[in-house]
Amino acid sequence: MAQFDRSAFIGRFQEEAADLLQRLNEGVILLEERPSDGALIDKMLRDAHTLKGSSRMVGLVEISDIAHRLEDVMVALRDGTIEHSLAISDHFFDALDTVVHLTEIAGTDAAPAADLNALQERLTTLVQACPDGPPGGPADVVPSEEEVPVPGTGPGGNGAHRESGSVSACAEPLGGRAKHTIRVNTGHVDSLLNLISEVVISQVKYEQRAKDLRVGGSGAGGVWQAWTVLRNLLEGSPTGDERADAARRADAIATFERRLAAEQRASATVVAELAEDLARGGLVVDELQERGMAIRMLPVDTVFATFPRAVRDLARSFAKDVQLVVEGGETELDKKVLEAINDPLIHLLRNAVDHGIEPAQVRAELGKPATATITVSARSEGDHIVIEVSDDGAGVDVEKVRSTAVRKGYVTQAEADSLSEREVLFLIFEKGFSTSPIITEVSGRGVGMDVVREYIVDMLKGDMNVFSTRGEGTTFRLTIPLTLAIIRALMIRVGDRVYALPTTAVEETLLAEPAEIFELEGRQALRRGKRTYPLVRLDDALGVTGDRSVPERLAVVTIGFAGHRYGFIVDQFIGEQQIVIKSLGNHLRRVENVAGVTILGAGEIVPILNVPDLMANARSGGFKRPETKQSEAASDRPRTVLICEDSFTTRELERSIFEAAGYTVEVAMDGAEGLGLLRKGLAADAVVTDVQMPRMSGFELTRAIKSDSRLGDLPVVIVTSLEREEEKAAGIEAGADAYITKSFFNQDTLLDTVERLVR
């Protein structure tokens, strides 16, 4: 996917900001003369709002924070909770001068000259005449230092900004927090240095063995010379003196045998010493590997520690009372694995609060405690770690999931009717699947649970399970390898090639008698205990040539994944061993059925099989994935997006994103112009609109579109700085299909949302 560079829009933002700041300066002067002029305040509020949104879109969070506080003050003035004074004008000018300075240094490494925290505190103090803050205003609280950076700003962002009741603690991408350094106990370093010295000693020994082998080579030359003399005597003409000839032959044979015996003893000594050195070196390398891995091992509490705040923010945003219980935080995991599990765990927590936990009134009616409980636990099991996320909520409505899957084309009605409850539960992990009626930054985008599968299964080569009881709660169980570098694998042979199959997915290996195989619904199957496994030849699933002879017993490996179980027939089991995973590189980032490769001792390169691909091939198209339909439909003609936005910077930024993704883009300066274009016949596939615009707001535009018989099915995506729950509710009431706040804005969110809606 083409990427856009936010920094390329800073120049355009500076041009737009100059006009906005000039108008705001003029407005402050006019406000001193007309302090009760509501129209003037509304105009200033709109300019400050545009400044806030535009600066946030290009990652200038410090400017956005100040504009946010200015909005608070103007809302308080408009609503009469504070009275205008010259002191307010002074603070306004101070803030505007600071924004001018920040705008001038935008895109450079220069540090702000002003004390930004003190400035925001002064602006916040202005509205504290009303204890609850300005009603209806766009913000409620002062940012606190404990809060994390705004999504999209990354470690090099220009500041931090958090809002009460927001869920930004959950939405922040992992890359924004991931550090490339770790603290290491000096004891680990000492152990590594000691092991490295052992490796150096082994290197010296290997050099000596190489010298011994070279000496052995010269000894072999003496043996060859003795053999040459003996052969010449045996092949030469006799001298006539039989006794002398016999003596020379006997002497040559004795010399040859003596040298050969000496060479054998020397070779045996070198081989024995080399074997001893290799055994010792193997122990050192194994310990070095373990110690090296230990350095990267961190307690999972490194990630878990951020969850209480995340759940608190989520619970407040949904007006629910939730407590989080964390268990097993001391369990250690590879740092790289820790970095990868943060996002899927956040998605599971968000899902639990949003979909799992019932509203307080419903819990009271059911006799449940008013405070819901979510438990996150971790424990070690062999070379894996098991993480569980459980809630005591409503559980998964299996029938609702089943009907949604049919309505959205994931399965046919006949297929849905044949699915067990367990298989239906795994439908929630399908790409784009959601039962929510509207898309927001928290719900309905259908990417959360898909992200869980992508990270846990595709990226980490782990496994996942879901267990749910209606009315009692849901548990998600994630089984993750301790490290991404080394796994245990079952080595199997298909045809003339060896493959590695991660043991995490293997349930059983067996040798089945041909008589045990039977026909079930048109395909071969095998029954083991109470379970029946459909059988698939692995060579068919991989599209390669295998051994088609009929053996006395069939080698079968059974695999369980995503609620499905299959038995794969292979040609031969070679054994189980520990392997080092090597990636395929960027040029082969996605190869069907292959998750990576490993190199065996003999230098043979062995593909590591991708279990999700194998299972998908085994199902032979049992699930019709919507993204396939989408790609086919998208190839018919370019999609057209209508952008309704009065801010030049935001409008051009959104235009750049969609054009880079292959869309045709039409723009309108406000809702009225956009509605006019649609009614004149513009064939748009989606509308992306701001809310606060001249002549016609985004809410009014949405209502007009949804009430028009010709336009009613047109998806509408609202992208706005309005983040309060009542404002989101207004968007839902107007009929919006998605509501994205600019504080959570990023390219992927916008594109994924629109692509889901237009397919």
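Everything below is about the structure shown above.
The text that follows walks through the structure, step by step, so that each part is easy to find. (Residues numbered from 1 in each chain as written. Predicted model: local features only at pLDDT ≥ 70, side-chain atom pairs only at ≥ 80, totals over all residues. Heavy atoms only, no water.)

## Side note on the nonpolar core
Right, so step 1: Membership of the largest hydrophobic core comes to 81 residues, with the highest contact counts inside it found for F304, I341, L345, F429, I480, L538 and F568.
Right, so step 2: Of the residues forming this core, the biggest block, 10 residues, is contributed by helix α11 (residues 335–356).
Right, so step 3: With near-sequence residues (within four places) excluded, L538 lies in contact with I492, V494, F568, I569, V570, L609 and L614.
Right, so step 4: In this structure, F9, A76, L119 and V717 belong to the second largest nonpolar core, which totals 58 residues. (Core = buried A, V, L, I, M, F, W, Y, C linked by side-chain atoms within 4.5 Å. Buried < 20%, exposed > 50% of the residue type's maximum accessible area, 1.4 Å probe, protein only. Helix = DSSP H or I, 4+ residues; strand = E, 2+ residues; numbered from the N terminus. Contact = heavy atoms within 4.5 Å.)

## Here's the deal with the sheet that holds strand β2 (residues 322–327)
Through backbone hydrogen bonds, the strands of a sheet pair up, either in parallel or in antiparallel fashion.
Right, so step 1: On the basis of which strands lie adjacent, the open sheet formed by five strands has the order β2-β4-β5-β8-β7 and mixed pairing. Of all the strands in the sheet, the pair left with one neighbour each is β2 and β7 (463–469). Across the sheet, the mean angle from the axis of one strand to that of its neighbour is 10°, orientation sign disregarded.
Right, so step 2: Both strand β5 (residues 384–391) and strand β8 (residues 473–481) contribute to a ladder of eight bridges, which runs antiparallel. Looking at the pairing, I385 lines up with I480 of β8. (Pairing = 2+ DSSP bridges. Axes fitted to C-alpha atoms, helices over the stretch in contact; angles between N-to-C directions.)

## Notes on the packing of aromatic side chains
Right, so step 1: Across all of its chains, the model carries four aromatic pairs by this definition.
Right, so step 2: Plain terms: the ring middles of F426 and F429 are 5.8 Å apart, the flat faces sit at 40° to each other, and that makes the pair tilted.
Right, so step 3: In this structure F426 comes out as buried when scored by relative accessible area, which is 4%.
Right, so step 4: Consider the rings of F658 and Y663, whose centres lie 5.3 Å apart with planes at 80°: the pair is edge-to-face.
Right, so step 5: Judged by its relative accessible area of 10%, Y663 falls in the buried class.
Right, so step 6: Put simply, the rings of F426, F429 and F476 touch in pairs and so form one group of aromatic residues.
Right, so step 7: Above the plane of the ring of F318 lies K320, whose end atom (NZ or CZ) is 5.7 Å from the centre. (Phe/Tyr/Trp six-rings, centres within 6.5 Å; stacked < 30°, edge-to-face > 60°. Lys NZ or Arg CZ within 6 Å of the ring centre and 35° of its normal.)

## Considerations on the pattern of salt bridges
Right, so step 1: This model, assessed by the stated rule, comprises 24 salt bridges.
Right, so step 2: The closest approach of N and O atoms between E659 and R655, which form a salt bridge, is 3.9 Å. Of the two residues, E659 and R655 are both situated in helix α20 (residues 648–660); the distance of four residues between them amounts to about one turn of the helix.
Right, so step 3: The class for E659 is partly exposed, based on a relative accessible area of 41%.
Right, so step 4: With relative accessibility at 22%, the residue R655 sits in the partly exposed group.
Right, so step 5: Its salt-bridge partner being D670, residue R695 comes within 3.0 Å of it at the nearest N-O pair. With R695 in the loop between β22 (686–689) and α22 (698–707) and D670 in the loop between β21 (664–668) and α21 (671–679), this pair connects stretches of sequence that are 25 residues apart.
Right, so step 6: Taking the relative accessible area as the measure of exposure, R695 reaches 65% and is therefore exposed.
Right, so step 7: Several salt bridges share partner residues, and in doing so they unite E358, R363, K368 and D392 into one network. (Salt bridge = Lys/Arg side-chain N within 4 Å of Asp/Glu carboxyl O.)

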